[in-house]
Structures are given as C-alpha cells and as structure tokens.
Amino acid sequence: MKNESGASVPFWVKDVSFMDTHKLNDNITCDVCVVGGGIAGLTTAYLLAKEGKRVVLLEAKAIGGGETGRTTAHLSNALDDRYSNLINLFGKDGARLACISHARAIDMIEQIAKDEKIDCDFQRLNGYLFVNNREQDTELMKELEAIQQIGWRDVVMRKECPVATLTASPCLQFPDQGRFHVMKYMAGLLKAFVDKGGQVYTDTKAVDFKTGTVNTVVTEDGHTVASNHLVVATNTPVNDMVTMHTKQAPYRTYVVGLAVPKGVVPDALYWDMDDSYHYIRLQKAEERGAATDLLIVGGEDHKTGQDHQPDKHYYALERWARLKFPMAEEVEFRWSGQVFEPVDRLAFIGRNPGDSPNVYIATGDSGHGMTHATIAGMLLTDLIMNRKNEWEKIYDPARISLKSAGEFLKENLNVAAQMKDYVTPGEVDDPSEVMPGTGRLMRKGTTKVAVYCDADGVRHECSAVCTHLGCIVSWNNVEKSWDCPCHGSRFDPYGRVITGPAVKNLDKA
Ligand code: FES
C-alpha cells in the first residue's frame, strides 16, 4: 500500500480512525507542553493528565503519523542489544533495571488498554531467540548466562523452535512478551487523554524553543505555548542541534507482510541473531478481518541515506521469509521505518543536557520503540511530579560511558565521512535525465541540487544541503524522500521536512 507520493503505508494505518483534532491557532499556557504525537509523547501526556496536570500535546503531522505508525509493535524485554553487552556497559544492576523497566512497560500498556477499554489486539505470548548457524550457538549460550546473571530465571533453552523450519538448533524462550495493534492503541489513548482534560493540536509544527523558568514553544504559524515543563518526544530531538545527535545514529529498517494459512504459524515473537537481525510476529486472521494470518517480517537495517538501492532490501527480506516460512503466500504489505541506535544501546530519557532543568527529552528507541516510549511516559511523569525513579540513571541523556567510546567514534567518523559528497560529481548533469517518480542529485557549481521529477514529468529543484548541519541528502526511492546520511533528517520530494532533527525545509535551489 502506498500514499499519493509513493511512500509506503503500513497496514496499521489503513483502517483506524482517530477523533478529530486541529491546528493550534492561538497563544496558550499550560503546566506541561509535550512536543511529538508518537507513542512516547502521547503516553507521557496521558499519564501527566491523569496526575491532574494541564497538558498540551503538539504534533507536526497526525497522531502516530511518524515512526510510531511504522513499528511492528513487538513488546519485549528480550533486548536485542543482548544482556551480555548491557552488563558490560551498565553492570549487572543496570542491565537488571533495563530488563525490569521494559517488563513494566509491557505491563503498563496492558493496564492502560484495560483501564481505558482500548480494544487493541493486545496479546501476551512467548518470544523465541534462534540461531541461523552453528557459530551463533556460543553467542546464544552466552546470552542465556547473562540473563541468568541478572536474575531472570524463567528464560529457558528449548531443544526445538516452535517453527521447525526456522532453525534446527535449540532456541531461547522468553515468557510474557507481548504484541498489539499500535494504531488502535494510539486512537484509544488519544481519546483517554482528551477525556482527562488534555489538549491536542495536530498539523502544528514546533520550530523554536525558548527555555527557562517558563518554556515557550513557537509554532510554524507563529503561535506560542508557554509551559512550566517541556517534553520533546520527537523521534530524534528537534530542540537540540548537536549534543544528542552525536550519541545516536539513524538506521532504516524494512518490513514485509505475507499471508500465511490461518493457525499454521504459532502466535509468538521470533528474532534471530544475525546482524542486522530479523524480527517476526503475526497478526491473526480474525484481528485483521481476513481469511489468512499475516506474517510480519522485518530486518535488513542500514544507515539512513547510505544505500542507493533500498528496493533490494524488500526482495532480500521476502527471500529470507520464504526460506524460513515455506507456507508463506503472497506479499500483502511492504513498508520501511527509521530507528535510532544509541551508542550505548539504551534510550535517552530525562532532562535535556545543557538545558533548563524543566526541559526533558525521549529519544533513541533502539528497536524497542514501544517499550522505550512507555518507559519514557512513566519516567518523565515521575521526574515532573518530583518523584524518585530508579531508572533515571540508566536512561539519563547526559550519561557518558567510556565503554561505548569505540561505537561513539565509529558513528561520528561515519558522519564526518559523508562530507565527501561535497566533492563527488552529481548523479545527473541535467534535470531532463531525472525520470518521473524519482529524484537525483545534480552538481551546480560548488554545491548540489536535489532534482525530483513528478509523475507528470515536471522537475522540481531544491538545495541538496540538509538544513540541520549541512550534509548532502540522498534520494530514497522506496519512500520517495530525500534522506540525510548524517543524523537522519528526511524531506519529502519537494524538500519539506518529514523527520527531524532538521526543522527547516530544504532551501529553494
Ligand atoms: Fe544532521 Fe542532516 S540530519 S546534517
């Protein structure tokens, strides 16, 4: 499924209607202003409204219209960064807290769905971590040992995987994981937030942040929201130019949804140990009103803006899925999303470093966006309500770990290497070489121009220089967007911002 510009639309989005919301057209005040209408922002807004705070939520697009709608909604505390690594980075106590926090996040989603009567297909189920080759056996054993060291006793090694075609080797079974329909949940959560007195404004882009005792957010239309506390829960912070963007890196990830005969694949979460790894779940036939179950398979991650043939990842994913699930039928959906990988693996949730103490951020989903977002809701609510929270330290955005210095250096050298694009030739010499529905870079003197040719053959040009920190954007033919290879800003074919950290559209050529 695709939208009018040719970008993919995940199946979550197609049949959920949200309550009516509109643009901010006034200057207003509140206790807490939350910027970002994804699951992190909305959960935080809801929990604070429940505490009696006057909360205003601002979203640049529609609720859940960013990366939240592009998740595959695994709810898991079987962390993909591996407990063996987390023990090394945060110690046994830190890794245990990370494990508990994600488990509590699944509990919280279940509780909210129950309290607010949100019918969102929430299911508790097992998760299985499996190997694809003999070399990964040792790693699997090491992970089980790490899990036992942090005191998680009910993870067990099973001799056989419930899906025999996935692997012939033993696998780890994680109890009490979960899955849900994220957009049904978001629609219910939005209603619950508004019922508790919350105010929500969509199509309202925050472009400037003046922080201090009172924080003022300025919108694109020049309206303001003044608040005692400010939470910025955009996928990556749009209120910070540099600091946080050196501590995390953007990756694209791909998803295919294939029909499988009803009831043939046991309902569970499955992950392998490849790098990048594959992640698999089901949406049951009755939940989607179809005759077949939907097998949702994700993976094939790569750095944003650094792969010029993104289409091939769908084919690779489909090939892999058919090999592992020979019963798979036709591909019904394809979409891609963006994840931010923190250099030391855990999200950044808490006070914004170097800012006023009443300004908070939530970012760095690390492939566990649903649980990290819900942790953000719980942790930020405690901070704003002046309550102690034992997770504060491990998620502190200001943390620095010498043990992650290698990863920090690797990602930032990669960003520096993107400056080569200033001296390389253009992909075309003339706009007429750009085919309908595609985009290409063209050299113009010392700089580059992003040329897009629409379906009618009309060429549109804008500067290819990203308005965040000046890297050269690259065409993403899968999502029909200009993607920045440095910190993950994305722009539509005409240069309008889709995703930060950039807040300004690409300049006119
Ligand atoms: Fe930072 Fe483009 S996102 S330079």
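For the structure itself, consult the block above.
Residues numbered from 1 in each chain as written. Predicted model: local features only at pLDDT ≥ 70, side-chain atom pairs only at ≥ 80, totals over all residues. Heavy atoms only, no water.

Novice: Any chance you could explain the sheet that holds strand β22 (residues 481-483) here in plain terms?
Specialist: To summarise the sheet geometry, strands pair through backbone hydrogen bonds and adopt either a parallel or an antiparallel arrangement. Within the open sheet, the four strands sit side by side as β21-β22-β23-β24. Their pairing is antiparallel. Each edge of the open sheet is held by one strand with a lone partner, namely β21 (474-476) and β24 (497-499). Where β21 lies against β22, three bridges are found, and the strand directions are antiparallel. Across the sheet, residue Trp475 finds its bridge partner in β22, namely Trp482. (Pairing = 2+ DSSP bridges. Helix = DSSP H or I, 4+ residues; strand = E, 2+ residues; numbered from the N terminus.)

Novice: Where do I start with the state of the cysteines in this structure?
Specialist: Any covalent bond linking the sulfur atoms of two cysteines counts as a disulfide. Within this structure, the stated rule accounts for one disulfide. Disulfide pairing places Cys471 opposite Cys486 at an S-S distance of 2.0 Å. When the S-S torsion is -85°, as for the bridge of Cys471 with Cys486, the disulfide is left-handed. On the criterion of sequence distance, the pair formed by Cys471 in the loop between β20 (459-463) and β21 and Cys486 in the loop between β22 and β23 (490-491) is long-range, its members being 15 residues apart. Note on Cys471: relative accessible area 3%, which makes it buried. Residue Cys486 is classed as buried on the basis of its relative accessible area, which comes to 2%. Of the cysteine sulfurs around Cys33, a residue in no disulfide, the closest is that of Cys30, at 5.3 Å. Just so you know, Cys99 is unpaired, no disulfide at all, and the nearest cysteine sulfur is the one on Cys171, 18 Å from it. (Disulfide = S-S within 2.5 Å. Buried < 20%, exposed > 50% of the residue type's maximum accessible area, 1.4 Å probe, protein only.)

Novice: Where do I start with the sheet that holds strand β19 (residues 447-453) in this structure?
Specialist: Sheet architecture is open: three strands sit in the order β18-β19-β20, paired in antiparallel fashion. Unpaired on one side and paired on the other, β18 (438-444) and β20 mark the two borders of the sheet. Across the sheet, the mean angle separating the axes of adjacent strands is 30° when strand polarity is ignored. (Axes fitted to C-alpha atoms, helices over the stretch in contact; angles between N-to-C directions.)

Novice: I'm lost on the nonpolar core in this one. Help?
Specialist: Note on soluble globular proteins: their nonpolar side chains tend to be buried together. In this structure, Tyr83, Phe174, Phe180, Tyr185, Phe193, Ile349 and Tyr395 are the most contacted members of the largest nonpolar core, which totals 89 residues. Element by element, the count of residues in this core is highest for helix α3 (residues 83-115), at 14 residues. Those residues in contact with Tyr185, other than ones at most four positions away along the chain, are Ile39, Ile109, Ile112, Ala113, Ile118, Cys120 and Phe180. Of all hydrophobic cores here, the second largest spans 24 residues; its members include Tyr128, Tyr254, Val256 and Val265. (Core = buried A, V, L, I, M, F, W, Y, C linked by side-chain atoms within 4.5 Å. Contact = heavy atoms within 4.5 Å.)

Novice: For this particular structure, what's the right way to read the packing of aromatic side chains?
Specialist: Geometrically, a pair of aromatic rings is defined through the distance of the ring centres and the angle of the planes. Enumeration over the complete set of coordinates arrives at twelve aromatic pairs. The interplanar angle of 25° and the centroid separation of 5.8 Å between the aromatic rings of Tyr128 and Tyr270 together place this pair among those described as stacked. With Tyr128 in strand β4 (residues 123-130) and Tyr270 in strand β12 (residues 269-272), this pair connects stretches of sequence that are 142 residues apart. Each member of the pair, Tyr128 together with Tyr270, is buried. (Phe/Tyr/Trp six-rings, centres within 6.5 Å; stacked < 30°, edge-to-face > 60°.)

Novice: What is the right way to look at the side chain of Thr236 in this model?
Specialist: Turning to its location among the elements, Thr236 is positioned in the loop between β10 (224-232) and β11 (248-260). Once residues lying within four places of it in the same chain are set aside, the contact partners of Thr236 are His245, Gln248, Phe340, Thr363, Gly500 and Pro501.

Novice: Is there a simple way to think about the packing of helix α2 (residues 39-50) against helix α8 (residues 369-384) in this case?
Specialist: Two quantities define a packed helix pair, namely the angle between the axes and the distance from one axis to the other. Remark: α2 packs on α8, axes separated minimally by 8 Å, with the N-to-C direction vectors making an angle of 35°. The interaxial crossing formed by α2 with α8 has right-handed handedness. The segment α2 lies against α8, with Ile39, Ala40, Thr43, Thr44, Leu47 and Leu48 engaging Gly369, Met370, Ala373, Thr374, Ala376, Gly377, Met378, Leu380, Thr381 and Ile384. In the contact of α2 with α8, the residues fall into ten nonpolar, six polar and no charged. (Left-handed = near helix turned anticlockwise from the far one by under 90°. Nonpolar A, V, L, I, M, F, W, Y, C, P; charged D, E, K, R; others polar.)

Novice: Mind showing me how you'd approach the pattern of salt bridges here?
Specialist: Proximity of charged atoms lets side chains of opposite charge pair with each other. By the definition in use, this model includes 28 salt bridges. The salt bridge partner of Arg54 is Asp31, with a shortest N-O separation of 3.7 Å. Taken together, the positions of Arg54 in the loop between α2 and β2 (55-58) and Asp31 in strand β1 (residues 28-35) put the pair 23 residues apart, joining distant regions of the chain. Relative accessible area serves as the criterion here: at 17%, Asp31 is assigned to the buried category. A single network of salt bridges, built from pairs that share partners, joins Arg104, Asp107, Glu110 and Arg124. (Salt bridge = Lys/Arg side-chain N within 4 Å of Asp/Glu carboxyl O.)

Novice: Teacher, can you tell me more about helix α5 (residues 182-195) here?
Specialist: Residue pairs three or four apart in sequence face the same way in an α-helix, which turns once every 3.6 residues. Between its first and last C-alpha atoms α5 spans 20 Å; for 14 residues at 1.5 Å apiece the expected length is 20 Å, and the two agree. Buried residues dominate α5, accounting for ten of its 14 residues. Of all the residues in α5, the buried ones are Val182, Met183, Tyr185, Met186, Ala187, Gly188, Leu189, Leu190, Ala192 and Phe193. Looking at the buried side of α5, the elements it contacts are α1 (11-14), α2, β2, α3, β7 (199-201) and α8. One or two positions beyond α5, positive phi appears at Gly197, with a value near 95°. (Expected span 1.5 Å × (residues − 1).)

Novice: Teacher, can you tell me more about the pairing of strand β17 (residues 359-363) here?
Specialist: Extensive coverage of β17 is indicated by the burial of five of its five residues. Across three bridges, β10 lies against β17 in parallel orientation. Bridge pairing in β17 places Val232 opposite Ile361. In terms of strand pairing, strand β16 (residues 348-351) meets β17 through four bridges, oriented antiparallel. Across the sheet, residue Gly350 finds its bridge partner in β17, namely Ile361.

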